[in-house]
Amino acid sequence: MASSSSSSSSFPDVFSWIEKLPPIIQWKTEDSNNYSINLCPSSSSSRPSLKLSINNFSTSYSTLSIFADYNLPISLWTSKKILPTKSKKILDNNNEDDSTPILVSNFIEDVLKYCSNKCSSSPKLPRTAYSENALKRDIFNFSLLTLTFVVCVYEAPTDLRASCLEILKNKLACTKSREVSKVLMRLMGSNTEEQWMRSMNLAITNWNLEIDPTANNNTAVLKTPSSLFSYSRSTLGLWKVQLYCPVIAMDVEKSSGPSPDDRLIFSLNYHQLEGVIQLNYRVSVQEKWIQVMVNTDNIRCDVVKLLRETLMKERGTGASEKHFPSRIDLQITPTTLQSNVISISVSKSSENHRREIGVEKGIEASFEPPTAIGLHFSAGETVTTSLKPWKFEQSVYGNTANLNWFLHDSGDGREVFSSKPSKFALLQPKAWFKNRYSSAHRPFTRQGGVVFAGDEYGESVSWKVDRGCMGRCMEWEVNGWIWLTYWPNKHTTFYTDTRKFHFKEIVNLTLG
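Residues numbered from 1 in each chain as written. Predicted model: local features only at pLDDT ≥ 70, side-chain atom pairs only at ≥ 80, totals over all residues. Heavy atoms only, no water.

Novice: Would you mind showing me how to read the overall build of the protein here?
Specialist: Scanning the protein from terminus to terminus reveals ten helices and 20 strands. In the protein, buried positions account for 50% of the 512 residues. Long-range contacts, defined as pairs at least 24 residues apart, comprise 70% of the intrachain contacts of the protein with a sequence gap of at least 6. Looking at the protein as shown, the accessible area adds up to about 24,900 Å², and 48% of this sits on carbon and sulfur atoms. (Helix = DSSP H or I, 4+ residues; strand = E, 2+ residues; numbered from the N terminus. Buried < 20%, exposed > 50% of the residue type's maximum accessible area, 1.4 Å probe, protein only. Contact = heavy atoms within 4.5 Å. Areas by Shrake-Rupley, 256 points an atom, 1.4 Å probe, with all protein chains shown as cover.)

Structure, rendered in structure tokens:
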């Protein structure tokens, strides 16, 4: 078998390796019509590794295979049939019958197969994905890397899985992979992107659940902040941050009550946070400074199930037992040209609620002969305050603008993310958080998410920057935290918890 090795710390450039292979008709008999490359080399020669092989069948077609390289190899995945090009090569940039689009579609389809929502049609990338050789290579390698990760979670033998997943995880999280991932997400379109990320995060959830937390192997667990769970995009006038984080990867900030039963744990674990942060920005050149104004376009957060509803009911307590958003905190900071920032201003004042006060007075007198006259006086005062369930605040720290949304308990007005309901409230069927996704007064969408749009939360933050920075690119950091809280919906339990997701992304704009 002719094989190629690769660094133990990275995933190989499989595209270039295949491209450089000789035409199939020149493959030697002693190679057993099979070429292979290490995907996750073993740290020891005595241990198996994960490899990719090209299997040639009588020059009529070939297949790619991912396999565990034991003495008796174990096949984990096999591609569709690949017909040779006119030059008898697997990949050939100089021919229109190049197999790259077919293989990339095969990789994407097989990643999506692990998603609970099956794709109705075969996803195909636009021709622009293959217009440049470098882009074609990057998309090929990244989609194969992702497929290898998912296949490794579900198919790899136990003694091979942990070490390989650590290598694959690190490669997926590196800067190069994240940049290619952004391009691939845009080319796939938003619907396929959602399925792709649900498939990935279902695999991550299953991997996390497999790890014994007492085994001192926390280095292998994916936790936030991780570049795998967010990415950003800067376009003219808009910053967009896309978020996908499995609930199990979020830090538990606090919990109370007895340990939840296995069925509730199952339902809570198999969900993910899906969010979009869209901020409008506008650059205005004044006589003595440049003004940068940023305001909310759309902030959307949903908690979405990763498994089919039937399975959630069979093994869990249903998909409606899940966390809900209880606080969102965004910090927007210029990371370059900080010394050129003159001032920062927010446009929303701190709250100054109107209070409606009503006074009720009553007098009671009674005569009790012959000993005394009893005169009883009582005065009562009723105070009512109108509050919305979500409270929005702006604040400033240095050159950083803070945008905060807090969910408040409609019963006692306390912040939900930092409090817990009383046992009495947990038993009340009419408590606001019971049947919370169908109530007319719910503070969420019917699916359990929230939407903050510019109609109500469009207040802006503005920075004044030295006019001498005209024409320069300015980088900004969007640092964010999202809290998810679980209070029982239909299930009977005293268990509650709050988890926190942290993300950090860099966006940019041009001054002028």
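Novice: Got a minute to help me understand the environment of tyrosine 281 in this structure?
Specialist: Tracing the backbone shows tyrosine 281 in strand S9 (residues 271-285). Classification of tyrosine 281 by relative accessible area gives buried; the value is 13%. With 42 residues separating them in the primary sequence, tyrosine 281 and tryptophan 239 have C-alpha atoms 7.5 Å apart. With residues near it in sequence (within four places) discarded, tyrosine 281 still touches Thr235, Leu236, Gly237, Leu238, Trp239, Met293, Val294, Asn508 and Leu509. Here threonine 235 takes part through its backbone oxygen, which lies 3.2 Å from a polar atom of the side chain of tyrosine 281. (Polar contact = N/O pair within 3.5 Å; in protein donor to acceptor, adjacent residues only side chain to side chain.)

Novice: How should I be thinking about the pairing of S9 in this particular structure?
Specialist: Along a regular strand, successive side chains alternate from one face of the sheet to the other. Summarising burial for S9: eleven of the 15 residues are buried, a large majority. Sheet topology places strand S7 (residues 238-246) next to S9; nine bridges connect them, and they run antiparallel. Within the sheet, the bridge partner assigned to lysine 240 lies in S9 and is glutamine 278. Sheet topology places S9 next to strand S10 (residues 289-305); 15 bridges connect them, and they run antiparallel. (Pairing = 2+ DSSP bridges.)

Novice: Even after reading the chapter, I still don't get helix H7 (residues 262-269), so can you show me in this structure?
Specialist: Because each turn of an α-helix spans 3.6 residues, side chains separated by three or four positions end up pointing in the same direction. Buried within H7 are the following residues: Leu264, Phe266, Ser267, Leu268 and Asn269. Looking at the packing, one finds that the buried side of H7 touches helix H6 (190-210), S9, helix H8 (309-315) and strand S19 (473-486). Of the residues that open H7, the one with a side-chain oxygen 3.2 Å from the backbone nitrogen of arginine 263 is aspartate 261.

Novice: Hey, could you run me through helix H3 (residues 133-155) in this one?
Specialist: Over its 23 residues, H3 runs 32 Å from end to end, which matches the ideal 33 Å to within 8%, given 1.5 Å per residue. Burial of H3 is extensive: 17 of the 23 residues sit out of reach of the surface. (Expected span 1.5 Å × (residues − 1).)

Novice: How do you make sense of the nonpolar core when you look at a structure like this?
Specialist: Most often, soluble globular proteins keep nonpolar side chains buried together rather than apart. Counting residues in each nonpolar core, the largest one holds 123 residues, and the members touching the most others are Leu125, Phe140, Phe149, Trp196 and Trp405. Looking at this core element by element, the count peaks at eleven residues for H3. With near-sequence residues (within four places) excluded, tryptophan 196 lies in contact with Ile108, Val111, Leu112, Phe142, Ser143, Thr146, Leu184, Met185 and Met188. (Core = buried A, V, L, I, M, F, W, Y, C linked by side-chain atoms within 4.5 Å.)

Novice: Even after reading the chapter, I still don't get the environment of valine 276, so can you show me in this structure?
Specialist: Among the secondary structure elements, valine 276 is positioned in strand S9. Residue classification places valine 276 among the buried positions, given a relative accessible area of 8%. Along the backbone, valine 276 and arginine 300 are 24 residues apart, and their C-alpha atoms lie at a distance of 5.2 Å. In contact with valine 276, not counting residues within four places along its chain, are Lys240, Val241, Gln242, Asn298, Ile299 and Arg300.

Novice: Explain the pattern of salt bridges to me, please; I cannot follow it from the model alone.
Specialist: Pairing of side chains with opposite charge becomes possible as their charged atoms draw close. Taken as a whole and judged by the stated rule, the model has 14 salt bridges. Between lysine 176 and aspartate 138 there is a salt bridge whose closest N-O contact spans 3.0 Å. Taken together, the residues span a long stretch of sequence, with lysine 176 in helix H5 (residues 175-188) and aspartate 138 in helix H3 at a distance of 38 residues. For lysine 176, a relative accessible area of 45% translates into the label partly exposed. Aspartate 138 gets classed as buried once you look at its relative accessible area, which sits at 16%. Residues aspartate 497 and arginine 499 are paired through a salt bridge, measuring 3.8 Å at the closest nitrogen-oxygen approach. Neither residue differs from the other here; aspartate 497 and arginine 499 are each classed as buried. Within the structure, one salt-bridge network assembled from shared partners comprises Arg137, Asp138 and Lys176. (Salt bridge = Lys/Arg side-chain N within 4 Å of Asp/Glu carboxyl O.)

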